[in-house]
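Results of the structural survey
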Protein chains: 2
Amino acid sequence: MSENKIPYKIYLSEDEMPHTWYNLRADMKTKPAPLLNPGTLQPMTAEELEGVFCTELVKQELDNDTAYFEIPREIRDFYKMYRPSPLVRAYCLEEKLRTPAHIYYKFEGNNTSGSHKLNSAVAQAYYAKQQGLRGVTTETGAGQWGTALSMACSYLGLDCKVFMVKCSYEQKPFRREVMKVYGSSVTPSPSETTNVGRKILAEYPGTSGSLGCAISEAVETAVSNPGYRYVLGSVLNQVLLHQSIIGLETKTAMDKYGVKPDIIIGCAGGGSNLGGLIAPFMGEKLRGEADYRFIAVEPASCPSFTRGEYRYDFCDTGMVCPLAKMYTLGSGFMPSSDHAGGLRFHGMSSILSQLYADGLMEAVSVKQTDVFEAAEYFARVEGILPAPESSHAILAAINEAKKCRETGEEKTILFGLTGTGYFDLVAYEKFHDGKMSNFVPSDEEISQSLAQLPEVH
Amino acid sequence: MSENKIPYKIYLSEDEMPHTWYNLRADMKTKPAPLLNPGTLQPMTAEELEGVFCTELVKQELDNDTAYFEIPREIRDFYKMYRPSPLVRAYCLEEKLRTPAHIYYKFEGNNTSGSHKLNSAVAQAYYAKQQGLRGVTTETGAGQWGTALSMACSYLGLDCKVFMVKCSYEQKPFRREVMKVYGSSVTPSPSETTNVGRKILAEYPGTSGSLGCAISEAVETAVSNPGYRYVLGSVLNQVLLHQSIIGLETKTAMDKYGVKPDIIIGCAGGGSNLGGLIAPFMGEKLRGEADYRFIAVEPASCPSFTRGEYRYDFCDTGMVCPLAKMYTLGSGFMPSSDHAGGLRFHGMSSILSQLYADGLMEAVSVKQTDVFEAAEYFARVEGILPAPESSHAILAAINEAKKCRETGEEKTILFGLTGTGYFDLVAYEKFHDGKMSNFVPSDEEISQSLAQLPEVH
């Protein structure tokens, strides 16, 4: 089909939706390093992980070899409520930028949780339900994951306890309301309801919280309540597996129109969207079938790829979780309270960390006010109010498109538009009123945070 | 195609999008009554209307005969940024309700303005731009129309001045922020910036405002600023014309799968969504080609169809606008400040009023807390957080589906899901906290409001 026949939005039919998730690890020569038991520093066994996670999810977490996992019919039916998501040709953006580049974005925001997080939330809730559990606990930063999990749990009839990073809880009062509409309980973290929360509050009174600390509280709550397990919206291998549906749909849609991206861009917090979007493309690269440039975009205020170290670290602040080998700023790192929205995790998915360490992917960090400028520009041109997280990818895509304008190259740029900014209007207002700053951690701050970690080899 | 092949969401391709709007008036035997000049009480001429509205829109407003209007290519291109909108088969809702009914809804919320209002906003902004105007003024109640117009104006490079009903301005701080992201100025109404605003404030200090009063302020601002015209998001014939795209897409999608609705339900404020959704179906009914039941659903707190009078009235509180013949509670009627969301206009589209007077349509009014109960139920079952306005239609659709459960009838129910509730979480919170009441105006209040109107025959 000729390029000029490409519609503004490519919607696959429900029949064309993938029936399997793709496990990128199967094609990695160097597998991601295993999770370690924080007590013994030995690789976590399935039995140990099953104390925290659902049995089926533990299998997915530990399986480095199976390339494809069947998506259960019930999950596919739920997906059909909001998927396939559109792959959008950004004709308007291309025109305004006067770029010869062709820009595409996979838009995951057209569901009430407002982001791609629902793809893994329903999978994790489904397996919890299958196992006969009463409920799940989790943390949420920007609130996207908590909302997604609330929707999935409400649909399946599971209880859902959410620990919400305190600064988001305060900046986004309506996020907690949405979660309540779906019947979840929402607690600002750190809280007085857990041992680890009380300890962190004693050590850092007035802290605005962090994802790492909310994770500790959610895990403690899961293990101390019978019939509960903990679920996580990013970082883990299982999450990247579920999110591969983003990339699989994108690839099917592009193949249908004979389009091949040159550059694939995603924002990177814990890696759920980036890992999902790039999965099938990176698979091709790993198998030597095609080549692509991959760019991870992270906030300058929480720059794990670009300024962190590749080493073992705890996934949480309370040091109760397993250790993961990843690019990290140190599990004690707290992003500035000036930082709006998500992408505030101190570390990065082990899969993506290994790919980055192997030179298969690039990373850039960007300033917050530049991100919001790109967000507003995009909203006016493409009509969609983007989430601040997604706007990191928008900014990098615009920068690449501008380079094409200079060089005259007709590159095809694909980026992930992970979500909408309906719940980020406090941050937009701050930006408008010129009250948004660009806090960047000092080298000293990062070294000090890393110095507190145990040596593991 | 057999029924069981119907997907969860029917997306038309961009090629299948209508190229024309459908003007229902062309098929009406009794045409809607003309607008009257408030001074002379004679039908408004095109020349008179052109002082307030764009020339091309005046033509559309006055044309009772042309059945189809070509949609300009630029508007169709803009539509492609968010249209065609999905027609959803509510499989999950049917299952939870254990109803033999087949339920469909046309979902207009998948765009940043969050509602169907964008369909007319871009048309009106386009014609203003074509005419070489500098900008437009308008009012907004729930904020959907103001956001839609802001998006359209920002895209086309037009200035946009929005008067926002004061209680919405206060209940929905983020609504005004979205409009600012798109570069609009937003003034709470009644305001001190207009003569009519100052007069209303003097008469009713502390008033929470009304659509009718915000309209007066917007009209005054348009006529006193050179290069500006006034635009309106509902009630007018031109708006129903633009919104016919909702019904046309719905009909095309249903025809494609051989589905014929028995009952068509829409929420009714000024009539923009209802009029647009039913247009092609009502056209068939008027031409004797098919029969359908049409149900308008309005709030018990602002019940123009079910408790108003069919007569000439002003469209605004300040009595500066033309008079329209419509079901009305009186232009001085102010819905209780307890009333959340939109659907707060004192009157109703002249087209719909005439159809209702001719017995071609039914109307019901519903209580606010019942509406929110239906909204929450729907959100949990179908995943989408609905706007309170849309939830009026949800409630009526659920009630009809329950009747089918009683009778065993396999009816096909279609309703309009006009928008999302992202900006209505103050109201959802109020509902949750048991602080929402069900104010219903007394007969005396309505009679008094109607008694103040001039007699026009």
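Residues numbered from 1 in each chain as written. Chains lettered and ligands numbered in written order. Predicted model: local features only at pLDDT ≥ 70, side-chain atom pairs only at ≥ 80, totals over all residues. Heavy atoms only, no water.

**Describing the environment of G233 of chain B**
The residue G233 of chain B is located in the loop between β9 (228-230) and α11 (237-256) in this model. Once you skip the residues sitting within four places of it in the chain, G233 of chain B turns out to touch K117, E139, W145, V239 and S272 of chain B. (Helix = DSSP H or I, 4+ residues; strand = E, 2+ residues; numbered from the N terminus. Contact = heavy atoms within 4.5 Å.)

**Focus: the pairing of strand β13 (residues 323-328) of chain A**
Residue and element names in this part refer to chain A. Here β13 lies mainly inside the structure; five of its six residues are buried. Bridge analysis of strand β12 (residues 309-314) against β13 gives six bridges, and the strand direction is antiparallel. Note on β13: the bridge partner recorded for R311 is M326. (Buried < 20%, exposed > 50% of the residue type's maximum accessible area, 1.4 Å probe, protein only. Pairing = 2+ DSSP bridges.)

**Side note on the pattern of salt bridges**
On inspection of all chains with the given rule, the structure shows 50 salt bridges over all chains. Two residues, R293 of chain B and E400 of chain B, come together in a salt bridge whose shortest N-O distance is 3.4 Å. With a gap of 107 residues between them, R293 of chain B in strand β11 (residues 293-299) and E400 of chain B in helix α16 (residues 388-407) connect regions that are remote in the sequence. Owing to a relative accessible area of 29%, R293 of chain B belongs among the partly exposed residues under this scheme. R380 of chain B is the salt-bridge partner of E376 of chain B, the closest N and O atoms lying 3.5 Å from each other. One end of the pair, E376 of chain B, and the other, R380 of chain B, are both in helix α15 (residues 368-382), four residues apart, so they sit about a helical turn from each other. Taken together, the shared-partner salt bridges connect R83, K106, E108 and E249 of chain A into one network. (Salt bridge = Lys/Arg side-chain N within 4 Å of Asp/Glu carboxyl O.)

**Some thoughts on the domain arrangement of chain A**
Residues and elements named next belong to chain A. When its domains are assigned, chain A resolves into domain 1 (9-16 + 82-114 + 236-450) and domain 2 (20-70 + 116-230). For domain 1 versus domain 2, the distance between C-alpha centres works out to 21 Å. Counting from both sides, the interface comprises 56 residues of domain 1 and, opposite them, 57 residues of domain 2. At the boundary of domain 1 with domain 2, total buried surface from both sides reaches about 5100 Å², with 62% on carbon and sulfur atoms. Counting the surface domain 1 buries against domain 2, the share from its top three residues, L241, H242 and F423, is 14%. On inspection of domain 1 and its partner domain 2, the count reaches two salt bridges. We note a salt bridge from D27 to R287, for which the minimum N-O separation is 2.9 Å. Counting every contact that joins domain 1 to domain 2 gives 22 residue pairs in polar contact (both at pLDDT 80 or more). At the level of elements, α11 (237-256), α12 (272-286), β12, β13 and α14 (350-357) are the ones that each hand at least two residues to the side of domain 1 that touches domain 2. No other element matches the 10 residues that α11 contributes to the side of domain 1 that touches domain 2. Within the side of domain 1 that touches domain 2, the residues separate by chemical class into 27 nonpolar, 20 polar and nine charged. (Domains from an automatic or database assignment. Buried area = accessible area lost by both parts, 1.4 Å probe. Polar contact = N/O pair within 3.5 Å; in protein donor to acceptor, adjacent residues only side chain to side chain. Nonpolar A, V, L, I, M, F, W, Y, C, P; charged D, E, K, R; others polar.)

**Here's the deal with the sheet that holds strand β6 (residues 135-140) of chain B**
Residue and element names in this part refer to chain B. Spatial ordering of the open sheet is given by β8-β7-β6-β9, a layout of four strands whose pairing is parallel. Each of the sheet's edge strands pairs with one partner strand only, and the pair in question is β8 (185-189) and β9. With direction set aside, neighbouring strand axes in the sheet form an average angle of 25°. The pairing of strand β7 (residues 159-165) with β8 spans five bridges and is parallel. (Axes fitted to C-alpha atoms, helices over the stretch in contact; angles between N-to-C directions.)

**Quick notes on the relation of the copies chain B and chain A**
Each of the two chain copies can be brought onto the other by rotation about an axis and movement along it. Rotating chain B by 180° and translating it 0.0 Å along the rotation axis places it on chain A, where the RMSD comes to 0.0 Å. In short, the pair behaves as if placed about a two-fold rotation axis. Most of the interface of chain B is mirrored in chain A, where 100% of its interface residues are also at the interface. (Least-squares fit on C-alpha atoms with pLDDT ≥ 70 in both.)

**Quick word on the nonpolar core**
W21, I265 and F415 of chain A together with W21, I265 and F415 of chain B are the most contacted members of the largest nonpolar core, which has 168 residues in total. The next biggest cluster of nonpolar side chains, apart from the first, holds 39 residues, and it includes L277, A279, A296 and A363 of chain A. (Core = buried A, V, L, I, M, F, W, Y, C linked by side-chain atoms within 4.5 Å.)

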